[in-house]
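For reference, the chains in residue letters:
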Amino acid sequence: MNTALLSSKKMDYCTPQDFFDSLNTEFHFALDAAATKENAKCRMFYTPENDGLKNPWNVGGGAVFCNPPYGREIGKWVRKAYEEAQNGQTVVLLIPARTDTAHFHDYIYGKSEIRFVRGRLHFTDENGSAYPPAPFPSMVVVYNGKRKDER
């Protein structure tokens, strides 16, 4: 198993381009909230240096795409996405389908649209070369910024 896929230490696992393109056709992304200069999917993006967790996501006038680092910090990214949606921003997350986690129950379940990905994604490097299938299932979480959570 490629344990780097389960951690936040390696940030160059890229969303497969065709998978992103399909979502982008639907949502018209303006910002990639968790990227590197080499793997950013949008013209506007946050990197570890300018930290998408600390900056607002309502930039660029469109939806936000976020494939955050997969590791212990992922709950912070899910919470940030939820909070940005509560402020009216449409956010689309690509994350592991871990329905047993606190962040799933606190910020996703009943508060977003959940699309489970069939099969396992083949993440890529910056050059588009595919890695073996991910060792976990994935889901796309859609926060429609127009729908507020009535907790």
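Residues numbered from 1 in each chain as written. Predicted model: local features only at pLDDT ≥ 70, side-chain atom pairs only at ≥ 80, totals over all residues. Heavy atoms only, no water.

Q: I'd like a rundown of unusual backbone geometry, residues and numbers included.
A: In the Ramachandran plot, His-28 falls in the positive-phi region, its phi being about 55° despite a non-glycine side chain. Non-glycine residue Asp-51 carries a positive phi angle of around 35°. Along the polypeptide, Asp-51 turns up in the loop between β2 (44-45) and β3 (63-66). (Helix = DSSP H or I, 4+ residues; strand = E, 2+ residues; numbered from the N terminus.)

Q: Tell me about the side chain of Asp-32, residues and numbers included.
A: Assignment of secondary structure puts Asp-32 in strand β1 (residues 29-32). Lys-41 provides the closest opposite charge to the buried, salt-bridge-free Asp-32, at an N-O distance of 7.2 Å. Among the polar contacts listed, one links the side chain of Asp-32 to the backbone nitrogen of Lys-41, at a separation of 3.0 Å. The residues contacting Asp-32, other than those within four sequence positions of it, are Asn-39, Ala-40, Lys-41, Cys-42, Met-44, Phe-45, Tyr-46 and Phe-65. (Buried < 20%, exposed > 50% of the residue type's maximum accessible area, 1.4 Å probe, protein only. Lys, Arg positive; Asp, Glu negative; His and termini not counted. Salt bridge = Lys/Arg side-chain N within 4 Å of Asp/Glu carboxyl O. Polar contact = N/O pair within 3.5 Å; in protein donor to acceptor, adjacent residues only side chain to side chain. Contact = heavy atoms within 4.5 Å.)

Q: Describe the sheet that holds β3, listing the residues and the values that go with them.
A: The strands making up a sheet are joined through hydrogen bonds of the backbone, oriented either antiparallel or parallel. What the 6 strands build is an open sheet, ordered β2-β1-β3-β4-β6-β5; its pairing is mixed. Unpaired on one side and paired on the other, β2 and β5 (113-116) mark the two borders of the sheet. As paired elements, strand β4 (residues 91-96) and strand β6 (residues 138-143) share 6 bridges and run antiparallel to each other. Within β6, the residue paired with Val-92 across the bridge is Val-142. The sheet contacts of helix α1 (residues 17-27) involve β1, β3, β4, β5 and β6, and relative to β1 the element is tilted by about 130°. Sheet strands touched by helix α2 (residues 74-86): β3, β4 and β6. Its angle to β4, the strand with the most contacts, is close to 160°. (Pairing = 2+ DSSP bridges. Axes fitted to C-alpha atoms, helices over the stretch in contact; angles between N-to-C directions.)

Q: Quick one: what's the story with the packing of aromatic side chains, residue by residue and with numbers?
A: Across all of its chains, the model carries 12 aromatic pairs by this definition. Ring geometry for Trp-57 versus Trp-77: centroids 6.4 Å apart, planes at 25°, classification stacked. Here the residue Trp-57 occupies a position in the loop between β2 and β3, and Trp-77 occupies one in helix α2, the gap between them amounting to 20 residues. Across this residue pair, the class does not change: Trp-57 and Trp-77 are buried. Counting every residue linked through ring pairs, the aromatic cluster contains Phe-20, Phe-27, Phe-29 and Phe-65. The ring of Phe-136 is capped by Arg-98, whose NZ or CZ atom sits 5.3 Å from the centre of that ring. (Phe/Tyr/Trp six-rings, centres within 6.5 Å; stacked < 30°, edge-to-face > 60°. Lys NZ or Arg CZ within 6 Å of the ring centre and 35° of its normal.)

Q: Just give me the short version of the pattern of salt bridges, but keep the residues and values in it.
A: Under the definition given, this model contains 6 salt bridges. One salt bridge in this structure joins Lys-54 and Asp-51, with 4.0 Å as the shortest N-O distance. Residue classification places Lys-54 among the exposed positions, given a relative accessible area of 69%. A cluster of three or more residues bridged by salt bridges with shared partners is formed by Glu-26, Glu-113 and Arg-115.

Q: Please give an account of the environment of Thr-36 that cites residues and values.
A: Tracing the sequence through the fold places Thr-36 in the loop between β1 and β2. Residue classification places Thr-36 among the buried positions, given a relative accessible area of 12%. Sequence-wise, Thr-36 and Pro-48 are 12 residues apart; in three dimensions their C-alpha atoms are separated by 7.2 Å.

Q: Mind laying out the side chain of Ser-112, listing which residues take part and the relevant values?
A: Along the chain, the position of Ser-112 falls in the loop between α3 (102-107) and β5. Within the structure, the side chain of Ser-112 is placed 3.0 Å from the backbone oxygen of Ile-108, a separation counted as a polar contact.

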